[in-house]
Amino acid sequence: MVCCAMFQNDDIIFALSSGNPPAGVAVIRISGAALGEMFQKLAGIAKPKPRHMYFTNLKGIDECLVAWFKAPASFTGEDVIEIHSHGSIAVIDKIYELLRGLGARIAERGEFAARAFMNGKMDLQSIDGLGDLINAKTERQRIQAFASYTGSGSRLYQTWRNELVLISANLAAATEFPAQELPGGLVPDAMEKIKTLLEQIDSHLGTYAAGRIIKSGFRIVLGGLVNAGKSSLFNALIGSDRAIVSSVPGTTRDWISAQMDIEGYLVELVDTAGLRESDNEIESIGIEKSKELIESADLVIEVKREKLKGKSDDGFIVYTHGDLTGDPDAVSVVTGQNMDKLIARIKSEIEKRIGVAEPFCVSNEKTAELLRQATGYLSAALAQTIPELTAENVRLAANALGKVLGVVDFDEIQSAIFGRLCMGK
């Protein structure tokens, strides 16, 4: 059990766990200690069966389904009641009024998940996965988030941490007891295990590039000279007239972005100001910003009107105006020529960068940094010749993995982690 200064853990809390009203159904979640009496007042049932739903006329407010989850077999590890009502604002407000009258208060953001963490129902990896699952926009994001939420990362990190704790204990024993009283080869065996764990963690760290792209999106910047057709291509790819299209050179003075789903991958597509020399101060600022975006992009698509004879192409180049130039390899936003091939080419480029990504990848910088710390300590442990110093570095590596899971001072991480979640979570 860890303490939490941010939340009052002995309060009865409630919040809307479903979508914003109005809606067909609203789910209001209540959590706290010993909610049996409250359930009886709400549903009129003294001894409800756990994980059963009961139909009731809720104090003349609405006809509802009310579910009972007995601690510790609930999301938070406490007693939990769920009220499934009609999703109008008036009904929800009246139910809130009823719950306040019964001594409950509205939950803070992430407070349900915080209680689940404090009661050992979830760790930080699962909670991070829950936040990602709630916010998932694409299939690959859903797969990655679900793997984290259901414990793929937690089990892996906990296994490594347990092994490091045992190694540290064995090395400590090697310094405190005479060699004849300990199993032979204890220290060499520990060093071999450290080497293996270092290789495993370092390999897992290699998934961060893929995990970041899946979680945050693959940024594609459309670059090129003025009037190359960047804005028209941008609009065609996202299926909306977001960018202003004109035959006047330098129409796009700033950058604009939009998200799109390319067969399960989240893509941030960025349209930029055309590159040229300009005396216009505003356009010049836009051009400088374009150069910055090109430098930071995961992929730059250079957009050109047509091929130049005798010139070889390097990089990812797209020729536009295929309907005017007659180039069979160019795209046309007017006729749709080769647009499907362009989408397939972009997807192939994303998959090339990601490689064969595991369902669970390192997907946030905080986890990646803690794993880097762990590998640094393990590398230091292997370089040591004094068992006490080796054991200390192994202990520090185990602590770094503990921080990934949340075996740390809770107040240090609570705001950053739980603040991502909605009030019903």
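Residues numbered from 1 in each chain as written. Predicted model: local features only at pLDDT ≥ 70, side-chain atom pairs only at ≥ 80, totals over all residues. Heavy atoms only, no water.

Sorry if this is basic, but what is going on with the environment of Ala 400 here?
Positionally, Ala 400 belongs in helix α14 (residues 387-405). Through-space distance from the C-alpha of Ala 400 to that of Ala 374 is 5.7 Å; in sequence the pair is 26 residues apart. Residues within four places of Ala 400 in sequence aside, it is in contact with Leu 370, Gln 373 and Ala 374. (Helix = DSSP H or I, 4+ residues; strand = E, 2+ residues; numbered from the N terminus. Contact = heavy atoms within 4.5 Å.)

Sorry, what's going on with the environment of Ala 391 here?
Turning to its location among the elements, Ala 391 is positioned in helix α14. Accessibility expressed as a relative area gives 7% for Ala 391, which makes it buried. In this structure, the C-alpha to C-alpha distance between Ala 391 and Leu 171, residues 220 residues apart in sequence, is 5.5 Å. Excluding anything up to four places from it in sequence, Ala 391 contacts Ser 168, Leu 171 and Ala 172. (Buried < 20%, exposed > 50% of the residue type's maximum accessible area, 1.4 Å probe, protein only.)

Looking at this structure, I do not really get the nonpolar core. What am I missing?
For soluble globular proteins, the rule of thumb is that nonpolar side chains tend to be buried together. Core analysis: the largest hydrophobic core is formed by 29 residues, its most contacted members being Tyr 157, Leu 164 and Leu 378. When residues of this core are assigned to their parent elements, the largest contribution, 8 residues, is made by α14. Contact partners of Leu 164, with chain neighbours within four places excluded, come to Leu 197, Leu 378, Val 394, Ala 397, Ala 398 and Leu 401. Counting 27 residues, the second largest nonpolar core, distinct from the first, contains Ile 213, Ile 220, Val 303 and Ile 354. (Core = buried A, V, L, I, M, F, W, Y, C linked by side-chain atoms within 4.5 Å.)

Is there a simple way to think about the pairing of strand β1 (residues 13-16) in this case?
Two faces make up the sheet, and in a regular strand the side chains alternate between them. In β1, alternate side chains face the same way, and those of Ile 13 and Ala 15 on one face and Phe 14 and Leu 16 on the other are all buried. Alignment of β1 against strand β2 (residues 23-32), held across 4 bridges, turns out to be antiparallel. Opposite Ile 13, over in β2, you have Ser 31 as the bridge partner. Taken together, β1 and the strand that follows it, β2, pair antiparallel across an intervening segment of 6 residues. Inspection of the sheet shows β1 paired to strand β6 (residues 105-106) by 2 bridges, in the parallel sense. Opposite Phe 14, over in β6, you have Ile 106 as the bridge partner. (Pairing = 2+ DSSP bridges.)

For this particular structure, what's the right way to read the pattern of salt bridges?
For side chains bearing opposite charge, pairing can occur when the charged atoms are close. Using the criterion set out here, one finds 23 salt bridges in the structure. Here Glu 349 makes a salt bridge to Arg 353, at a shortest N to O gap of 3.2 Å. Residue Glu 349 and its partner Arg 353 are both found in helix α12 (residues 339-354); the two are separated by 4 residues, about one turn of the helix. Owing to a relative accessible area of 14%, Glu 349 belongs among the buried residues under this scheme. Residue classification places Arg 353 among the partly exposed positions, given a relative accessible area of 38%. A single salt-bridge network, built from bridges that share partners, covers Asp 11, Glu 78, Arg 105, Glu 111 and Arg 115. (Salt bridge = Lys/Arg side-chain N within 4 Å of Asp/Glu carboxyl O.)

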